[in-house]
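Observations on the three-dimensional arrangement
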Amino acid sequence: MSKPRVIPGFGLSLGFTVTYLSLIILIPLAALFVKAGGLGPAEWWRILSAPRVLAAAKLTFGASAAAATVSAVVGLLVTWVLVRYRFPGRRVLDAMVDLPFALPTAVAGITLTSIYAPNGWIGQYLAGWGIQGAYSPFGVFIALTFIGFPFVVRTVQPVMEDLGPELEEAAATLGAGRWTVFWRVILPALLPAIITGFTLAFARAIGEYGSVIFISGNLPMKTEILPLLIVSQLEQYKYRDAAVIAAGMLMVSFALLFLINLLQRRLNWHKR
Amino acid sequence: MSHRSATTESAPVRWLLITLALLVLSLFLFLPLLAVFVEALRRGTDVFFAALHSPAALSAVQLTLTAAAVSVPLNTVFGVAAAWAVTKHQFRGRALLLSLIDLPFAVSPVIAGLVWVLLFGAQGWFGPWLAEHDIQIIFELPGIILATVFVTFPFVARELIPLMEAQGSDQELAAVTLGASGWQMFRRITLPNIKWGLLYGVLLCNARAMGEFGAVSVVSGHIRGKTNTLPLHIEVLYNEYQFSAAFACATLLGLLALFTLGLKTAVEQITHQRANRRT
């Protein structure tokens, strides 16, 4: 770059940033991949194709996808109401949306378990309908939805606030009903933000540990999630197995985020 | 209301949607929060205060405070430096740096603990060297701090970067033109501009640091009264079926969460009023 830098501190701040980032994040993650990568494909296959790992992976990705989908719908509803309508208590509600971010996961875990346990406030009604809340895959889904839906609200909210009334007015002038306007005008404009929120919720759900392990019951093959499986491998001193499962999980998460980024770019490009 | 009737819904639909959202949020947010306090006080205030006064709980609080006191300042300095580098300057690889800063968000807390075990654990790369020199990192305070730093890494930076990007560099450029030194410019121009965002970033980082469970659980030895942080102490109590005691300790973290949210709302209101006054 030929332009001289006017604002000082570039070398110092960038140098510190890169050094700290390397020491805290990049080198430790690289160590994980080196450890896992040193094992060879046969060993990888042996570890990852174990039935217990496959069952945990199915539950983790399945429940995360379901939770992120429900988060997207619920998040859109909540955002809509918060942005478009005025009613008493709106500010409090808006602030409370961040509760799952601020509430420690262990606290969320034991609280959700107590509510959705068969004798809990909600669990007893679910039990009446024959649904088991806590200690089941459904419990995992509940915890992951709790963790995920603020991501959708917080990514969609600013976009919805910036959405001017002009397009809607134009559509209404041309004779479109509210429902048509929502489907054909508003939703397409919000879609990139909804997808981003969905992805953030999904990525967070895949790695979530604290809020899930209390409510899931942790039965191997049934309600065991991947992060818990890593912990149990560690407790048995199977460091290599733990490293391979972790590396596999990270690769899937990174690939997902990358794919969604591509999709996002295409959607935005299309809009222009 | 600024929208005309053509661009909003009929009153019944509006109230239906509001009711639905309220219902979902009460079931999802208010009920869990309420449950923490109800469960904590279920067996009376004596049990509640006894749980908070137990030596194990006190040492857990102390450890949690210590870990946060080290990791939050570290990540605050990083956050300011990173935001400064990324928003006040253009350079190659800026986009890459931005995504790398976000990287820890996509890493499971369990993996954030695991990486340190693989580096510094008995079987880890530096394990033998550390053992020779009689340095213990895993199952001790340094490991807990490293895990916390990893997990809370992006919080301050994430809060500052959009804020500083929106503010631009005009005021800093003016200060430099008028002969201010780098430090003067930072202290007199930048810091006052970003102080509320910075405060909120620090609080968020702190809330996460004090509440972190997965990463700390992996690197802590779960030694009661020694390497149990507050969230780990809650887990131990819960697994021993001491539910009231577990929830009593959980109220501390619940109050911390509420405090953080309250301050966030206040900060937003202040910055909002400022923005209104300026225009």
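Residues numbered from 1 in each chain as written. Chains lettered and ligands numbered in written order. Predicted model: local features only at pLDDT ≥ 70, side-chain atom pairs only at ≥ 80, totals over all residues. Heavy atoms only, no water.

1. Some details on the overall build of chain A
Selection rule: Counting from the N terminus, the helices are DSSP H or I runs at least four residues long and the strands are E runs at least two residues long. We call a residue buried when its accessible area falls under 20% of the maximum for its residue type, exposed when it is over 50%, and partly exposed in between, using a 1.4 Å probe and counting protein chains only. Contacts are assigned to residue pairs with any non-hydrogen atoms lying within 4.5 Å of each other. Counted charges follow a simple rule, with Lys and Arg positive, Asp and Glu negative, and His plus the chain ends left uncounted. To locate a charge, take NZ of a lysine, CZ of an arginine, CG of an aspartate or CD of a glutamate.
The secondary structure content of chain A amounts to 13 helices and zero strands. Each helix and strand of chain A, ordered N terminal to C terminal, gives the series α-α-α-α-α-α-α-α-α-α-α-α-α. On the principal axes, the C-alpha backbone points of chain A span a range of 70 × 65 × 35 Å. Residues counted as buried form 54% of the 272 residues belonging to chain A. Long-range pairs, those at least 24 residues apart, make up 74% of the contacts in chain A with a sequence separation of at least 6. Charge separation in chain A, taken as the distance between the mean sites of 21 positive and 12 negative side-chain charges, equals 5 Å.

2. Observations concerning the interface of chain A and chain B
For clarity, the cut-off: Buried area: the accessible area, evaluated with a 1.4 Å probe, that two parts lose upon being put together, summed over both parts. Salt bridge criterion: a side-chain nitrogen from Lys or Arg within 4 Å of a carboxyl oxygen from Asp or Glu. Residues are grouped as follows: nonpolar covers Ala, Val, Leu, Ile, Met, Phe, Trp, Tyr, Cys and Pro; charged covers Asp, Glu, Lys and Arg; every other residue, Gly included, is treated as polar.
Counting from both sides, the interface comprises 83 residues of chain A and, opposite them, 89 residues of chain B. Here chain A packs against chain B, burying approximately 7800 Å² in sum over the two surfaces, 82% of which is carbon and sulfur. One can count two salt bridges joining chain A with chain B. At 17 residues, the largest contribution of residues to the side of chain A that touches chain B is made by helix α1 (residues 10-37) of chain A. Of the residues in the side of chain A that touches chain B, the class split is 63 nonpolar, eleven polar and nine charged.

3. Re the packing of helix α8 (residues 155-167) of chain B against helix α10 (residues 182-211) of chain B
All names here are of chain B. Threshold: Axis geometry follows a simple rule: fit a line to the C-alpha atoms, using only the stretch in contact for helices, then measure angles between N-to-C directions, giving values from 0 to 180 degrees. Roughly parallel means an angle under 35 degrees; roughly antiparallel means over 145; roughly perpendicular covers 65 to 115; every other angle is labelled oblique. In a left-handed crossing the near helix is turned counterclockwise from the far helix by less than a right angle, and in a right-handed crossing that turn is clockwise.
For the pair α8 and α10, interaxial distance at closest approach is 8 Å and the crossing angle is 155°. In this view, α8 runs roughly antiparallel relative to α10, as classed from their interaxial angle. The two elements α8 and α10 cross, and the hand of that crossing is right-handed. Two secondary-structure elements touch here, α8 through Phe155, Val156, Glu159, Leu160, Leu163, Met164 and Gln167 and α10 through Thr190, Asn193, Ile194, Gly197, Leu198, Tyr200, Gly201, Val202, Leu204, Cys205 and Arg208. Residue classes in the contact of α8 with α10 are distributed as eleven nonpolar, five polar and two charged.

4. What to know about the packing of aromatic side chains
What counts is decided by this rule: Aromatic rings from Phe, Tyr and Trp, taking only the six-membered ring of Trp, are treated as a pair when their centres fall within 6.5 Å; an angle between ring planes under 30 degrees marks them as stacked, one over 60 as edge-to-face, and anything in between as tilted.
One pass over the structure, following the stated rule, counts 26 aromatic pairs over all chains. Seen from their ring centres, Phe138 of chain A and Phe141 of chain A are 5.8 Å apart, and the 25° between their planes marks the pair as stacked. Of this pair, Phe138 of chain A and Phe141 of chain A both sit in helix α8 (residues 137-162), three residues apart, which is roughly one turn of the helix. Aromatic side chains Trp116 of chain B and Phe120 of chain B sit 6.0 Å apart centroid to centroid with 10° between the ring planes, which places their arrangement in the stacked category.

5. Regarding the pattern of salt bridges
Scanning the model with the defined rule gives 16 salt bridges over all chains in all. Linking Arg158 of chain B and Asp102 of chain B is a salt bridge whose minimum nitrogen-to-oxygen distance equals 2.8 Å. Remark: Asp102 of chain B occurs in helix α4 (residues 94-102) and Arg158 of chain B occurs in helix α8; sequence separation between them is 56 residues. Its relative accessible area of 29% is what places Arg158 of chain B among the partly exposed residues. Connected through salt bridges with shared partners, the residues Asp94, Asp98 and Arg154 of chain A together with Lys264 and Glu268 of chain B form a single ionic network.

6. Topic: the confidence of the model for chain A
Keep this limit in mind: What pLDDT reports is the predictor's confidence in each residue, on a scale of 0 through 100.
Mean pLDDT over chain A stands at 89; residues scoring 70 or higher make up 97%. Mean pLDDT in chain A bottoms out at helix α13 (residues 239-271) of chain A, which sits at 83, and peaks at helix α3 (residues 51-84) of chain A, which reaches 95.

7. A word on a nonpolar patch on the surface
Quick reminder of the rule: What makes a patch is a set of residues exposed beyond 30% relative accessible area and free of salt bridges, joined within 9 Å when like-charged and within 5 Å when nonpolar (Val, Leu, Ile, Met, Phe, Trp, Tyr). Shrake-Rupley sampling with a 1.4 Å probe provides the accessible areas, and residues are treated as covered by the protein chains on show and by no other component.
A surface patch of nonpolar side chains, amounting to about 310 Å² of accessible area, comprises Val34 of chain A together with Trp125 and Phe126 of chain B. Of note, Phe126 of chain B is situated in the loop between α5 (109-120) and α6 (127-132). What makes Phe126 of chain B partly exposed here is its relative accessible area of 39%.

8. Thoughts on the nonpolar core
As a reminder of what qualifies: What we call a nonpolar core is a set of buried Ala, Val, Leu, Ile, Met, Phe, Trp, Tyr and Cys residues that are connected through their side-chain atoms within 4.5 Å.
Of all hydrophobic cores here, the largest spans 183 residues; its most connected members are Leu32, Tyr116 and Ile230 of chain A together with Ile111 and Trp116 of chain B. Of all the elements, α3 of chain A adds the most residues to this core, at 16 residues.

9. Side note on the environment of Leu229 of chain A
All names here are of chain A. Assignment of secondary structure puts Leu229 in helix α12 (residues 226-235). Taking relative accessible area as the criterion, Leu229 reaches 0% and is therefore assigned buried. For the pair formed by Leu229 and Thr69, sequence separation is 160 residues and the distance between their alpha carbons is 25 Å. Among all residues touching Leu229, those that are not within four sequence positions of it are Arg52, Val53, Ala56, Glu224 and Ile245.

10. Some thoughts on the side chain of His233 of chain B
All names here are of chain B. Along the chain, the position of His233 falls in helix α12 (residues 230-239). Among the residues examined, His233 registers a relative accessible area of 2% and is labelled buried. Setting aside anything within four residues of it in sequence, one finds His233 in contact with Ser54, Ala56, Ala57, Ala60, Asn228 and Cys249.

11. Focus on the environment of Ala131 of chain B
The residue Ala131 of chain B is located in helix α6 in this model. Sequence spacing of Ala131 of chain B and Gly121 of chain B is ten residues, and the spatial spacing of their C-alpha atoms is 9.5 Å.

12. Details of unusual backbone geometry
Its identity as a non-glycine residue notwithstanding, Tyr237 of chain A has a phi of 60°, on the positive side. Turning to its location among the elements, Tyr237 of chain A is positioned in the loop between α12 and α13. For Tyr237 of chain A, a relative accessible area of 63% gives the class exposed. Unusually for a residue other than glycine, Tyr241 of chain B sits at a positive phi of about 60°. Counting through the fold element by element, Tyr241 of chain B comes out in the loop between α12 and α13 (243-278).

13. Section: α5 of chain B
Residues and elements named next belong to chain B. We count it as follows: A helix is expected to span 1.5 Å for every residue after the first.
For α5, with twelve residues, the first-to-last C-alpha span of 17 Å sits near the 16 Å given by 1.5 Å per residue. Along α5, twelve of the twelve residues are buried, which leaves the element largely enclosed by surrounding structure. By the burial criterion, the buried members of α5 are Pro109, Val110, Ile111, Ala112, Gly113, Leu114, Val115, Trp116, Val117, Leu118, Leu119 and Phe120.

14. So, the environment of Ile234 of chain B
Mapped onto the elements of the fold, Ile234 of chain B is located in helix α12. Overall, the relative accessible area of 0% leaves Ile234 of chain B in the buried class.

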